[in-house]
Every structure is written in C-alpha cells, then in structure tokens.
Amino acid sequence: MELSKFELGGTRIKQSDISKGNVLTLAVTPKLEYAWDDGVAIGRYLEELGNGKIIARKCNKCGRIMLPPRMFCELCWRATDEWVYCEDTGTVNTFSLCHVNWDASRIPEGEPLHLPAVIHIDGASPGMGILHVLGEVEPDKIKIGMKVRAVWKKPDEREGSITDITHFKPVRAARKKSKKKSGGGR
Amino acid sequence: MGQKVAIVGAGITKFVSRAQETGKELAWQASKMALDSCGLTLNDMESVSLGSAPDAFDGVHMKGEYLRDGSGGWRKPYMRHFVGGGTGVFAPIHGWFHVASGMFDTCLVVCSEKMSSVYPHPQGAFTTIFDHTTEQALDPTLIWIFALEYNRYMETYGLTKADIAPVSVKNKKNAMDHPSAQLPGEITVEDVLNSELLAWPVNRLDISPASDGAAAIVLAGEHAAKRITDKPIWIEGVGWSLDTAYWATRDLSYPRHVEKSARMAYDMAGIREPRREIEIAEPYDPFTYKELHHMEGLLLANRGEAPQLLADGVTQRDGDRPMCPSGGLLGVGNPISAAGLMKVIEIFLQLRGEADKRQVPGNPTCGLAQAWGDLMQVSTVVVLKR
Amino acid sequence: MIGKVAITGLGYTEFSATSPGTSFRELTYEAAVKAYNEVGIEPKDIDTFVCTSEDFCEGYSISDEYCNDQVGGILKPVQTITGDAIHSLATGVMLVLTGGFDIVVVQALSKLSNMKTVPNLVNFALDPVLNRPLDEHYSFVSGLGMNRFLHDGKATREQCAQVVVKNRANALSNPVAAYGADLTVDNVLDSEPVSLPVRLLDLAQVADGAIVFVLASEKVTGSLTDNPIWIKGVGWSSDSPSLESRDWGNSVATRLAGDMAYKMAGVRYPAKEIDLAEVTDEVSYKELEHIEALRLFEPGRAGLALEDGRTTSEGDLPVNVSGGDLGVGHLFEAAGAQKVMELVLQLRGTAGSRQVADAHKGLAQVWRGEPTTSAAVAVLANQ
C-alpha cells in the first residue's frame, strides 16, 4: 500500500482565504475561570514567598530537601517530615534567551528578552531546581553554573506568589551595583 | 502475552499549516484510507481507539466525544487516551490492549489533530501546561522548556549548535519524498544556524511546525490478520514511561524515561542488542536535538555520541542505522498525535517494502517508532517486525 | 472471559462541595495511600497505572502531566484516559488480560470546585459551530432529553422527582456523600425552573473527591486480599455526538455498553441476576432511562418500579443506594469510579448502615453527562 497510490486528504488553505472570506470561520473566546486550591505544601511555599523566604520540605527517609515543597515524598511514598528554609541564592543549571512571547509573537527589537532559567536553590538538595527568570544581566554574559540571587518585591507589594521574586540576578553584579538595568528584569 | 497483534492497514492525510477540513473530517479521511488500504469496512471494526492532543487546540471540551463520529466510533466501543506529545505512538499501544487482551479481534486506531483553530497561534494552547501556581505566573512559553533542555544537553557533552543542526537538514531532505510533507526542502546547516532565533539555542529551523492532519491504522489479532493481508506487520513490543511532573528537578541532559520505555518494549520483543536488532527507527524529532537525545535514550547511541553518528552519515536513509526516513516531524510536520502515528506508519511501510522513494535499502525486518511529550517527561515506544 | 480480574484495593476521600485545604495532588495521594495500604503494596509493586482526566476540568492543557507523582508512578508505565473512570477501569481490565500486567492501579479525581464557570465548561463541549452560537444555558440539553422521555410515556414527572427524593435520602446513610437530604416530591416540583421540564433539584451538584482502585490478575489476587471483588464484564459505547441526530429519550449507548458487559460476564437475565445497580442520575430522569436501557426493568416500567419501592435499598433491585450523583455529588470524570466503589463496598459486605442484603452481583453504569451520549458499564461480583 504505497502512499503514492492514494489521493491523500487534507486541503491546505491560507490565512488570506479566511480574511477574504473564501473560507468561513467562527471566532469564540472561551469563558473558563479557575481558582486552584494550593493545598498544604504549596500554600505554605507561597506564604513564605510573601515573607521574602524560600521554604522547602524534607523527607527524612531519602534525606531530600525538596523544592517546590510537597507533603508527600513521591519516591519514598510517605509523608514528608519537616520544613526547611533555603537561601535565596542558587546556581543556574540551564537557561534560554527567549525572543518570543507566549503567543509566538516576537518581542520588539530593543525590548528586554525573556531569560528563563532552571535555578538550583542553595539549601535544597542538589538537583532541586525551580523555573524562574534572570534579570540585571547582559544576555551574552549568562553562563551555566553562574551564581544568582533572588530580587524581591518590596514587602508591601508581595502577594504570596512566585512573582514576589521579580527575577534572579548574578551575585557578583549585585555587589557592583550595576548602573543600567538590562536584560529581563520585569 | 495475549494474542499477537498486527498492523494490517494505514491511512494518512497531508499535513498542512491550516486545513480546510475540521478535525472530524480529517479523522474520517485517514480512517477511510486505512480501511480501504486493507479492503475492510467500518463494520469490520470491533473497537475504536482515539488519540488527540489538548482540547485547547480545538476549543472543545471533551474533544474525544466531539471527534467520535469522524473517527468511526459511533455506537462502538470507543475510547480516547492521552499522554501529551507521546499520544501518537501510544495510540497503537492502546489499540494493542484491545486486541492482545482477547476482548476484540480488530481495532481502528485514529489520531486527529487540528491545531490551527487556536488564535493567534497554536502555541497559545500550551501556556497552561505549566504548573498553575508555581510557574504560570512567570508567563512561560512552550519553547522555554525545550530551549532549557537543549542547552543542558549541549553543556553536558560539550556540543555546539552546528553539531545538532544537521538533523534538520537530513529530515527536511527525507521529507521531500513523503507525500504528506508540510515542510520538505533542501537546506544547509548554515540555513539552520542563521534562521530566526526564537529562544536561544532554538532557531526557527530547529523546530517542527504546528500542523493540521490525521493518521489511522487498522489492528487485527493473529488469525484475523492472516486472513486480511499477506503482509501483516507485528507489534512485538510496547513500552511507555512517565517521569515526575517536577521537571526542573530532573537531569535534563538525559531522558531516563525514554530508556525505561525502550527497555520495556525491548524486553517484550526479546531484543537484547538494540543497536544490532533495530534496523530502522523513527525517534521523535519535534526539535533537532530531540532526535539525538532520543537515540541515546533508546540505547541506539552512547550518551553524548548521537551527534557523531549523525556526522558520520550513519543515520541517513542509506546509512547503517537510518533515523526518521519519513522526514520526521521537522520535515513532514507535527499535528501532534497524528505525527506520532505517522512514524508508526512509516515503519509499517518500510518493513513491508512499500515506502516508495523513501525505502531504506536492505529489506529491514525490525523497526521502532517513538514519541515523547508532556513536560519533557513521557515516552512511548513500539517495536514492529515483519 | 479469558482470565479473571479483581478489584483488590480501594481508597477514597470524602466527597464534598469544596476541598479548600487540599490540592489536587494531596487529594489523590490520600486515596492512593488508603488503596495501597488495604492490600499492603507500595508503588514499586505496581506494574502500570491508568489515570483519568479531562483538560478543561483540571484547568490544564495536557493534564496527564500532573497525574503521576501522587500515585507513585515515577518512571512507570502511566497513562491517562480522557473519558470516565469506568473507561479507565476497562483499560485496566484489558491490560491484565494481555497477560503482561498483574497489578494495575486506576485513579480518578474530581476537583471541580476549582472550576468556577461550570455551566460554561459544559457549554464548551457543544458543537462549536452548530450549537454554541445559540448561547443557551447548557441544561437545555437535559430539558430536551427529559421532555422527550416524558412525552414517550416512559415515566411521569412525579416519578422523576421521586428519584431525587430517594437518592438524596439514601445519601443520608452514606458518610462520604455530600448532598444527603430529606426532600419531598413537592420540594422538587416546586424548585426553581432551569430548563423545563428540568428544575433545579433535578440536577446533581458538583463535588470534589478522589478514588483509587488496585486491580489484580487472578494469579496474584490471593496474595493481596481474602475478599476480592471480580470484574466480570465491562462495556462501553455511544450514540451520535451531535444533538441533531441522537435518539432522544433512549440511552442507546447504555443499552450497547450494558449488552457488551453482560455478554462478557455471562449475564443472560439481567433483571434476575443483578442484585443492585449504581447508575448515573445526574439529571433525575436519567436513572429511569438508564435502568430501562440496562434491561433491569421492562420498557416504560422503571417509574412504576420506583413507585412500588422496588429500587429502594430494601427493594428487590436497589438502585443508587449510595445516593447517586444527586446525593453523593456530581464527580465528572470520576463519576463512574464512585459507582464502582459503592459496589465494592456492598459486595464486600462493608457498606455499613446502607448494606444491601444478599448482594452478590452488581452493576455500575455511567453516562458521561451533558452533552455527551457516551456510557460505560461494569459488572462486579464477589464470587
């Protein structure tokens, strides 16, 4: 049954076929709203972010200090044991220099790129990374293995969210007090 | 194991950036072709299994119910399964449960995807794949996670983008011989490296496109298969594995879930030396680096050494270990679930010697198709034999 | 049937209108731990996992990403069924019957309290081009179905109301049910009109909860439990997805799914052989439509059987002793799991004050809710 012996379905149309009305479409915006229960572990995590602290949860069987915190250890299959505060510093495990927005549109020239990174947080077990964004750094200066520190919103602006940390910035750049803000600080 | 299961027929549509057909219509086109290809009708199908990616693409809640009539599931035992990007290769596995269990002698396996309905871009449907509390607030885009994994892979093994870009060159060239192909072409490594930078290290030509399309296969139990065709292709091994959702806590340089899924399938198929016994493979290639990453996870290359096999021409169609002879997702296109099933169909055709200009030399008898997805955490594998 | 498959372990949470202190992960974890503890297993003993979810119920695209950690399935063969939990159960049965898997976990969760616009959600399942632009409240579909059912003389409006009275009263004996209540037929008939003939009290209300089953092959069942509940048959089917071409007032899907399950289970005379049934009553009249489609009562007789008390917990064929969707709560894709769970408790003889006497063979049926025509059935027995 070689494919060449069949007439394949699938009729390609162009965006202009729609804009010119050759092909009819119907546009709808879904009206779906959610409010997720954070639960015990993430609830406390967010609360502590509001306090300007990163908190993890420890399993005394495997010894892992876990971020994001969880009330059960998925590997040992048991309840976790204690809360452990971590540092607000860490190491860049990997990063990207992102030129596009969530909807695939391009970030205009001259505007800061998005700088997502997986950051291993000091005080948590090795390999315990979180997703966040980098800032106050030239994109071409970012290196894997770089030490970074959380930049927090002012206490009265925090709302118990992962965005209470606006971004992570290089530890060294912090000491120099860089003059110009560049990169992905948002 | 239960009764043996064979693929006896296959159907596929063209993969296009925007199809005039609805998801239902695409599903019907592929299903009809699959039935026609083995001279059967829908009445001969005792069960139907559907694979399709997020409901957000179609903008329909319970999309499996919506696609049911187009997929031939009306008044039949019909079920939808879903393992993210791994769905297309999970589809024959889910169909295999139906037949291998002895509950059914035939199963129509359908994968249909209509991604273009999402505005302004299909990528928007992926924003809600991230953890709603700890990640979505950062406005992540889908490309982030793959760029992060790609970068980690390069860093761990000291690779450069130029080592990885030839995957795109090879697959787009292979796709020139595939009648469904959306983005075939002759390009160079320079073209890949100089294409639009999306999220370093990912450029435009490192990525497979969003697509509309459908694919379908017909499965039959041992006795039925031999009555239906002289050339059944047997499902000898199936494997799948899901890693933790806490993706940022994983070692991104090596896909251990791919290895788990491969070992499961190899054990079932009695394969002890995959590099010798798997003569042809369709590893999942939504991004250039993924083909290499997956070859390593599938134990078809040493860790960090897949790029060397690529450079040596081993993975070309006429090489010792052809990878993605179809043209893969990079060349043929990526209507998510249908793209995975396209890979299964490619191995089916190659083992039957019916792959037209794409036919690899040497009359292969054993091949593998693999898909991958979720938060870089699920892998699905089937091993097929003549 | 070639081999035998048993439900050996069962874990569940309370069902409640909300569960604010618990995340979706923590809810499932609670049920999973209970199920595994019942049979003394750990995740490493489990061969494969079947989870159940629908993206827009969870609020995630690719919601199967998040099904794993809380069932202990890290780096295991875990899959998600986008259907009802009885579809997942049927997949579990197929997995065992392939001979390749001895212990299979089936998971189902409802965290619908986090979905703030449920009417829009259900509306979002309608045909996007033909139906949705009419912009009706989704319950109009229930109104169309009930009106046709009544028109065809299948039951009276009062009998439909009596379903509500029976099931919400049954739920008072179910300690994990969310909506137990003492109502009268007049309460139902006087309740707010929604999409007539459907009134507010005819409709089940949303609830949260998680249920986990441990399935096992015959080979290993003895090592897990002394009290296995055997899955004798499973079936699933549908009618047309489109509103325009379905057989209104008849649950064709339930008939087909039931017949498939009966055939597999070797049940020839359902009305005689089935001791109790748990069926979808998400809209009151659906209970009557479903038990008729399942051949438990003659066509048009289900309402009379109800009036005669035959389907109460003391009747000769109790239906929805648990309280059903009306009494326990509407659990969306976990709905079927609650029905199977009730059978397991009843057939084990551990259903407490609502225990049905001499229960040996039970039937669980689920309909996937508006606007679908999709149904699944399981026949369970304790020997």
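Here the structure is shown first, and the text comes after it.
Just so it is clear, the model here is predicted, and its values are computed rather than measured. (Residues numbered from 1 in each chain as written. Chains lettered and ligands numbered in written order. Predicted model: local features only at pLDDT ≥ 70, side-chain atom pairs only at ≥ 80, totals over all residues.)

**Student:** What is the right way to read the interface of chain A and chain C from this model?
**Tutor:** One widely used convention gives an interface's size as the accessible area the parts lose upon coming together. The interface is formed by 19 residues belonging to chain A together with 26 residues belonging to chain C. Looking at the side of chain A that touches chain C residue by residue, the classes come out as 13 nonpolar, one polar and five charged. (Contact = placed C-beta atoms within 7 Å. Nonpolar A, V, L, I, M, F, W, Y, C, P; charged D, E, K, R; others polar.)

**Student:** Looking at this model, I keep getting lost on the sheet that holds strand E6 (residues 202–203) of chain B. Mind explaining?
**Tutor:** Strand pairing in a sheet relies on backbone hydrogen bonds, with the paired strands running either antiparallel or parallel. Pairing in this open sheet of three strands is antiparallel, and the strands run E7(A)-E5(B)-E6(B) from one edge to the other. Only two strands of the sheet have a single neighbouring strand rather than two, namely strand E7 (97–98) of chain A together with E6 of chain B. In terms of strand pairing, strand E5 (residues 197–200) of chain B meets E6 of chain B through two bridges, oriented antiparallel. The residue bridging leucine 197 of chain B from the neighbouring strand is asparagine 203 of chain B, located in E6 of chain B. In this fold helix H5 (residues 142–157) of chain B packs onto E7 of chain A together with E5 and E6 of chain B, with an angle of close to 60° to the strand it touches most, E5 of chain B. (Pairing = 2+ DSSP bridges. Helix = DSSP H or I, 4+ residues; strand = E, 2+ residues; numbered from the N terminus. Axes fitted to C-alpha atoms, helices over the stretch in contact; angles between N-to-C directions.)

**Student:** Explanation requested: helix H11 (residues 284–293) of chain C in the structure shown.
**Tutor:** Residues that lie three or four places apart on an α-helix share one face, since the helix turns once every 3.6 residues. When you tally the buried positions in H11 of chain C, you get 10 out of 10 residues, the bulk of the element. Directly beyond the C-terminal end of H11 of chain C, a positive phi value near 65° is found at arginine 295 of chain C. (Buried ≥ 20, exposed ≤ 12 C-beta atoms within 10 Å, placed from the backbone.)

**Student:** Quick question: what am I supposed to make of the interface of chain B and chain C here?
**Tutor:** Between chain B and chain C, the residue contacts involve 51 residues of the former and 48 residues of the latter. Contributions of two or more residues to the side of chain B that touches chain C are made by helix H2 (55–58), helix H3 (63–66), strand E3 (78–82), helix H4 (87–100), strand E8 (233–242) and helix H10 (256–269) of chain B. Across the side of chain B that touches chain C, the residue classes tally to 24 nonpolar, 16 polar and 11 charged. Alignment of E3 of chain B against strand E3 (residues 78–81) of chain C, held across two bridges, turns out to be antiparallel. Following the sheet pairing, phenylalanine 82 of chain B is matched in E3 of chain C by threonine 80 of chain C.

**Student:** Can you walk me through the environment of asparagine 22 of chain A in this structure?
**Tutor:** Within the secondary structure layout, asparagine 22 of chain A lies in the loop between helix H1 (15–19) and helix H2 (39–50). Along the sequence, asparagine 22 of chain A and glycine 90 of chain A sit 68 residues apart, while their C-alpha atoms lie 55 Å from each other.

**Student:** Sorry if this is basic, but what is going on with the nonpolar core here?
**Tutor:** One recurring pattern in soluble globular proteins is that nonpolar side chains are buried together. Residues Ile217 and Val382 of chain B together with Ala378 and Leu380 of chain C are the most contacted members of the largest nonpolar core, which totals 326 residues. The leading source of residues in this core is helix H15 (residues 336–352) of chain B, at 11 residues. Residues within four places of alanine 378 of chain C in sequence aside, it is in contact with Ile86, Leu89, Ile231, Val234, Ala261, Val340 and Ala364 of chain C. (Core = buried A, V, L, I, M, F, W, Y, C linked by C-beta atoms within 7 Å.)

**Student:** Which parts of the structure should I look at to understand H15 of chain B?
**Tutor:** Counted at 1.5 Å a residue, the expected span for H15 of chain B with its 17 residues is 24 Å, and the 25 Å between its end C-alpha atoms agrees. At the C-terminal side of H15 of chain B, glycine 353 of chain B shows a positive phi close to 70°. (Expected span 1.5 Å × (residues − 1).)

**Student:** Explain the sheet that holds strand E1 (residues 54–58) of chain A here, please?
**Tutor:** As summarised here, the arrangement of the three strands in space is E2-E1-E5 (chain A), forming an open sheet in which the pairing is antiparallel. Sheet topology places strand E2 (65–66) and strand E5 (82–86) of chain A at the edges, where each strand pairs with a single neighbour.

**Student:** Help me understand the packing of helix H6 (residues 157–171) of chain C against H11 of chain C, please; the structure alone is not making it clear to me.
**Tutor:** Two packed helices can be described by the angle between their axes and the distance between those axes. All names here are of chain C. The N-to-C vectors of H6 and H11 enclose an angle of 100°; their axes lie 7 Å apart at closest approach. The angle between the axes of H6 and H11 places the two elements in the roughly perpendicular class. For the pair H6 and H11, contact is made by Gln159, Cys160, Ala161, Val163 and Val164 and by Ser284, Tyr285, Glu287 and Leu288, respectively. Taken together, the residues that form the contact of H6 with H11 break down as six nonpolar, two polar and one charged. (Parallel < 35°, antiparallel > 145°, perpendicular 65-115°, else oblique.)

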